[in-house]
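# Geometric and topological summary
One letter stands for each residue in the lines below.
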Amino acid sequence: MESKDLFYEDVKVGDTIPPLVKKITLVQNVMYSAATWDFHRHHYDREFIQSKGFPGPFVDGQMFGAFLTQMVTQWIGPKGVLKKMGLNYRVMAFPGDTVTCQGKVTEKYKKDGEQLVKCDLWIENQKGEKAIAPAYVLFTLLSKEIQGGKV
Amino acid sequence: MEKASLISPEVKAMIGTEKIFSSLEEVGRATIRRFAIAVGDPNPLYWDEEFAKKTSYGGIVAPPTMVFELNHNLGDEISEEDGGYSDKILLPPPLTRFVRGGNEYEFFKPVRPMDKITVKRKISQIYEKEGKAGPLVFVIVEISYANQKGELLGINRETFVFMPGKES
């Protein structure tokens, strides 16, 4: 995977982030549980979770933070550095769902020698419902003027 | 007649309480690579040392949100009944149902394979709000992550929404 660095000068308010589509499977759900050492039956045991009134095993909310991070880092490249991210959960997600991560630049400004960019983010499921919203990310980018400078 | 608050003295006493967990061993490259595979993030920065050395990071780092999942590695016993940890934050009945409301992440430094993590978890706020279907209790948990050098890596502020109902 080649990722090109995005520079502060390249970004305009209103720019959209190339969307990231994820089809979440039960296997992936279990892989995420295993990778994070989270063995709650919520994430794989249909009978258990239906007895609690849920339709089926559900996706760990923090997986969406990881998806949004992937979308943003693929866009900005390795020299962009994440500072903050916030996300709110709207509708639950279940294996079998296909979700689309999206984002749009809302602000860019310089502060304390850093070039900062803020974007609104959101995730929609295949029914067009917002699974994650509102959400945002704040990150720094290098300026072309100091290209090759210390990150 | 005023409705009784769901925030009992017992619940109120939880505000400000802290718990610290320290990892017994380093995070390790395998943990990082497995997390990246599980998410489906193909960035070689998370598994290819040669590639990672040439970046400004100078070596493999973890995907940014991975740090916020490291408390599970430090957790205590896992219940056979529900697969959960015995240490999770619970409120007394009737507030037995909860959902995740949101996460607010602050990233300070990336996690590296040789980092040994200390997690500090604090219940920073508990407040009540009237929801569409009845009263809700919001619990804000602030979890900070540091490495063996005492460097702060990240902070995760999690919002959980508790409500009366079936246990979840």
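Residues numbered from 1 in each chain as written. Chains lettered and ligands numbered in written order. Predicted model: local features only at pLDDT ≥ 70, side-chain atom pairs only at ≥ 80, totals over all residues.

For Gly40 of chain B, the position within the fold is in the loop between α2 (29–39) and α3 (49–53). What makes Gly40 of chain B partly exposed here is the crowd of 17 C-beta atoms within 10 Å. Filtering out sequence-adjacent residues up to four positions away, Gly40 of chain B remains in contact with Lys22 and Gln28 of chain A. (Helix = DSSP H or I, 4+ residues; strand = E, 2+ residues; numbered from the N terminus. Buried ≥ 20, exposed ≤ 12 C-beta atoms within 10 Å, placed from the backbone. Contact = placed C-beta atoms within 7 Å.)

In this section: the interface of chain B and chain A. The interface of chain B with chain A comprises 35 residues on the first partner and 34 residues on the second. Mapped by element, the contributors of at least two residues to the side of chain B that touches chain A are α2 and β2 (97–107) of chain B. Element by element, the count of residues in the side of chain B that touches chain A is highest for β2 of chain B, at eight residues. Here the residues of the side of chain B that touches chain A are counted per class, giving 13 nonpolar, 13 polar and nine charged. Relative to β2 of chain B, strand β2 (residues 81–89) of chain A is paired through five bridges, and the arrangement is antiparallel. Within the sheet, the bridge partner assigned to Leu87 of chain A lies in β2 of chain B and is Asn103 of chain B. (Nonpolar A, V, L, I, M, F, W, Y, C, P; charged D, E, K, R; others polar. Pairing = 2+ DSSP bridges.)

The next thing to look at is the pairing of strand β3 (residues 98–111) of chain A. Residue and element names in this part refer to chain A. The pairing of strand β1 (residues 20–23) with β3 spans four bridges and is classified as antiparallel. Bridging from a neighbouring strand, Val21 pairs with Thr100 of β3. As paired elements, β3 and strand β4 (residues 114–124) share 11 bridges and run antiparallel to each other. Residue pairing across strands places Tyr109 opposite Leu116, the latter belonging to β4. Linking two consecutive strands that pair antiparallel, namely β3 and β4, is a turn of two residues; a positive phi of about 50° is found at Asp112 within it.

Residue and element names in this part refer to chain B. Of the residues in chain B, 94% reach a pLDDT of 70 or more, and the chain-wide mean stands at 91. Per-element confidence in chain B ranges from a low mean pLDDT of 91 for strand β1 (residues 18–22) to a high of 98 for α2. Interface confidence for the predicted complex, given as ipTM, is 0.93, next to a pTM of 0.93. (pLDDT = per-residue confidence, 0-100.)

Of note, the amide linkage connecting Ala133 of chain A to Pro134 of chain A takes the cis form, showing an omega dihedral of -10°. Turning to its location among the elements, Pro134 of chain A is positioned in strand β5 (residues 130–141). Across the junction of Pro93 of chain B and Pro94 of chain B, the peptide omega takes the value 10°, indicating a cis bond. Locating Pro94 of chain B in the fold gives a position in the loop between α3 and β2. Notably, Trp37 of chain A is not glycine yet its phi reads approximately 55°, a positive angle. Looking at the element boundaries, Trp37 of chain A is found in the loop between α1 (26–35) and α2 (46–51). Judged by local crowding, Trp37 of chain A falls into the partly exposed class, with 16 C-beta atoms found within 10 Å.

Residue and element names in this part refer to chain B. Turning to its location among the elements, Ala36 is positioned in helix α2. For the pair Ala36 and Trp47, spaced 11 residues apart in sequence, the C-alpha to C-alpha distance is 8.4 Å. Excluding residues that lie within four positions of it along the chain, Ala36 makes contacts with Asp41, Asn43, Tyr46, Trp47 and Pro63.

Within the sequence span of α2 of chain B, burial applies to Thr31, Ile32, Phe35, Ala36, Ala38 and Val39 of chain B. For α2 of chain B, the angular spread of buried residues about the axis comes to 160°, placing them on one side. For α2 of chain B, the elements touching its buried residues are α1 and α3 (62–76) of chain A. Gly40 of chain B occupies a position one or two residues after α2 of chain B and carries a positive phi of about 90°. (Arc of directions from axis to C-beta.)

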